[in-house]
Amino acid sequence: MTHDFLIIGGGIAGLSAGAHLAALGKVLLLEAEPALAYHASGRSAALYEAQYGKPTTIALNLASRADHETLDGGVLSPRGLMLLAGPGEEDLFAHDAGQMGLEVISPAEAAALVPALNPQAITGAAVHDDAWDIDTDRLIQHYARVIRSHGGRVQTGASVTAITRHATGWQVTAAGQTHEARILVNAAGAWADAIAAMAGVAPIGLTPLRRSVARVPAPTGHDVARWPMLLGAGEHWYAKPDAGQMIVSPADEDPVEAPHDAWPEDMRLAEGIASYQHFVTEEVTRLTASWAGLRTFAPDRTLVLGPDPESPGFVWVAGQGGYGFQTAPAAARLVADLVAGRAPVLPEAIVAALSPVRFR
C-alpha cells in the first residue's frame, strides 16, 4: 500500500504535522519507541510563553495560541512566570524582563506571591500572568486521533532501518515491514540528521543538547499549585510546580556525541538545585525523581520547516529545541501549507527564515 505521507517521529512535531497533512492524503506515522512522545516530547517543562525565543519562534508561538486555547476544549491552564535575579545579574535581568514584557516588582512582592522565597537574596523580580501550562498528553492524543480519523495510521515500535528513493517517492523499512509513500516527512527529533543521511539527503547540522531535570519536594508547609514558574535571569535555572512538588533544572545545554535515550548528569542537577536554593528559605535534601531530555537545535537555533530544496518529496520538521509544544500548531500548519502549495498565513520573511533553503 502506498501512502501519501510517511512521517518518521512520534513526538509532538511528527504528530502535529501528521494531523495537518491528514486532510491532504493518507498518513502513516512511524515511531521507533514503544510509546508516542517518548523522548524530548515526554520530558518537556510544557510551558506556553508566547514571547519566549527567537523572533521566528515568537511568531510561531503567537500563531499557535488560538489552537492551544481551543483544541480538544483547550490545552492551557494558568501558570504565570516570575523572573528572579541575584547579585551581579542586573543586566541579564533587565534584558530578559524587557524582552518578555514582564512587570518589575519588589523582592517583598515576589515573596508575597511565592512565600518560600527569601527577599534578601533577590536583587530583581518581575512577573506576568500570561504564561500557561500545556496539557501535553491531551495535545499528543488529539493529534493522533485526527490522523486516525482521516484513515491514517500511527505505529509505535517501528524503528526505521532503511530508506530508498524511487521514481514515485520513497520506500521505508521499519520493524521488518516495507512501506511506500510519495512524501517523506522527517520529524525524528535528535535523530533527524541520521534519518536524512539514511535517505541520501544532506544533513542540516543539528546538535542535540542534554537538559537535566530533578523533581524535589515542595518547601515544607506550602501548597505550590498556584505558584508561577520561576526563571533565573539569563535562563541559568528554572523551577516549576509539578504534581504537588517542584521540578528544578539548571537549564543546561550540554552537547552529546550522538542521539540516545538521555539520562541526567548529577553535577548539573546539583548546579540547578544550588541556584534554586539561593532564592528559597528551605534547603533541598532529597530528589524524588530525575530525568533528562535532548533539545535539538539547528546551527542558527531556528526551527527547520518545509521541503528540502535539493531533495524533492523530503520535508523537514526539525530543530524544535525546547519550543516544540508551544510552536506545534503553527509549525504543522505551515508545513501543510507548503506541501499543499498554499500561501502560508505567516509573514514571508518568517517562512523564509524557517525554511531549509537557508542551509543549501
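Predicted model only: the values in this text are computed from it and were never measured. (Residues numbered from 1 in each chain as written. Predicted model: local features only at pLDDT ≥ 70, side-chain atom pairs only at ≥ 80, totals over all residues. Heavy atoms only, no water.)

A.B. asks: Just checking my understanding: could you explain the pairing of strand β10 (residues 160–166) for this structure?
C.D. replies: Within a regular beta strand, the side chains point alternately toward one face of the sheet and then the other, so they alternate between its two faces. Bridge analysis of β10 against strand β11 (residues 169–174) gives six bridges, and the strand direction is antiparallel. Each bridged residue has a counterpart across the sheet, and for Arg 165 the counterpart in β11 is Trp 170. Linking β10 to β11, which pair antiparallel, is a turn of two residues. (Pairing = 2+ DSSP bridges. Helix = DSSP H or I, 4+ residues; strand = E, 2+ residues; numbered from the N terminus.)

A.B. asks: Got a minute to help me understand the packing of helix α2 (residues 55–70) against helix α8 (residues 324–340) in this structure?
C.D. replies: How two helices pack is summed up by the angle between their axes together with the distance between the axes. Following both chains from N to C, one finds α2 and α8 inclined at 90°, their axes separated by 7 Å at the closest point. Between α2 and α8, the interaxial angle falls into the category roughly perpendicular. Facing Thr 57, Leu 60, Asn 61, Ala 63, Ser 64, Asp 67 and His 68 of α2, the residues of α8 in contact are Phe 325, Gln 326, Thr 327, Ala 328, Pro 329, Ala 330, Ala 331 and Arg 333. Considered class by class, the residues forming the contact of α2 with α8 number seven nonpolar, six polar and two charged. (Axes fitted to C-alpha atoms, helices over the stretch in contact; angles between N-to-C directions. Parallel < 35°, antiparallel > 145°, perpendicular 65-115°, else oblique. Contact = heavy atoms within 4.5 Å. Nonpolar A, V, L, I, M, F, W, Y, C, P; charged D, E, K, R; others polar.)

A.B. asks: Would you explain the packing of aromatic side chains in this entry?
C.D. replies: Given two aromatic rings, one states the distance between the centres and the angle between the planes to describe the pair. Tallied over the full model, the rule gives five aromatic pairs. Here the aromatic residues Trp 170, Phe 314 and Trp 316 are joined through ring pairs into a cluster of three or more. Residue placement shows Arg 182 over the ring face of Phe 5; its charged tip is 5.7 Å from the ring centre. Just above the ring of Phe 297 sits the side chain of Arg 301; from NZ or CZ to the centre is 3.8 Å. (Phe/Tyr/Trp six-rings, centres within 6.5 Å; stacked < 30°, edge-to-face > 60°. Lys NZ or Arg CZ within 6 Å of the ring centre and 35° of its normal.)

A.B. asks: Explanation requested: the nonpolar core in the structure shown.
C.D. replies: Taken as a class, soluble globular proteins show a tendency for nonpolar side chains to be buried jointly. With 46 residues, the main nonpolar core has Leu 15, Leu 60, Leu 139, Leu 305 and Val 317 as its most contacted residues. With residues up to four places along the chain from it excluded, the contact list for Leu 305 reads Leu 60, Trp 316, Val 317, Ala 318, Ala 331, Leu 334, Val 335, Leu 338, Leu 354, Ser 355 and Pro 356. If you look at the next biggest cluster of nonpolar residues, it comprises 27 residues, including Trp 227, Leu 230, Tyr 276 and Val 284. (Core = buried A, V, L, I, M, F, W, Y, C linked by side-chain atoms within 4.5 Å. Buried < 20%, exposed > 50% of the residue type's maximum accessible area, 1.4 Å probe, protein only.)

A.B. asks: Mind showing me how you'd approach the pattern of salt bridges here?
C.D. replies: Working definition: two side chains of opposite charge can pair if their charged atoms are close together. Tallied over the entire structure, the rule returns 19 salt bridges. One salt bridge in this structure joins Arg 301 and Glu 253, with 3.0 Å as the shortest N-O distance. Note that Arg 301 is positioned in the loop between β18 (289–297) and β19 (304–307) and Glu 253 in the loop between β16 (245–249) and β17 (254–255), a separation of 48 residues in sequence. For Arg 301, a relative accessible area of 33% corresponds to the partly exposed category. With its nearest N and O atoms 2.6 Å apart, the salt bridge here joins Arg 268 to Asp 254. In this pair, Arg 268 sits in helix α7 (residues 266–279) while Asp 254 sits in strand β17, placing the two residues 14 residues apart along the sequence. Residue Arg 268 is classed as partly exposed on the basis of its relative accessible area, which comes to 25%. Beyond isolated ion pairs, a larger network of salt bridges with shared partners links Arg 211, Glu 235, Glu 253, Arg 295 and Arg 301. (Salt bridge = Lys/Arg side-chain N within 4 Å of Asp/Glu carboxyl O.)

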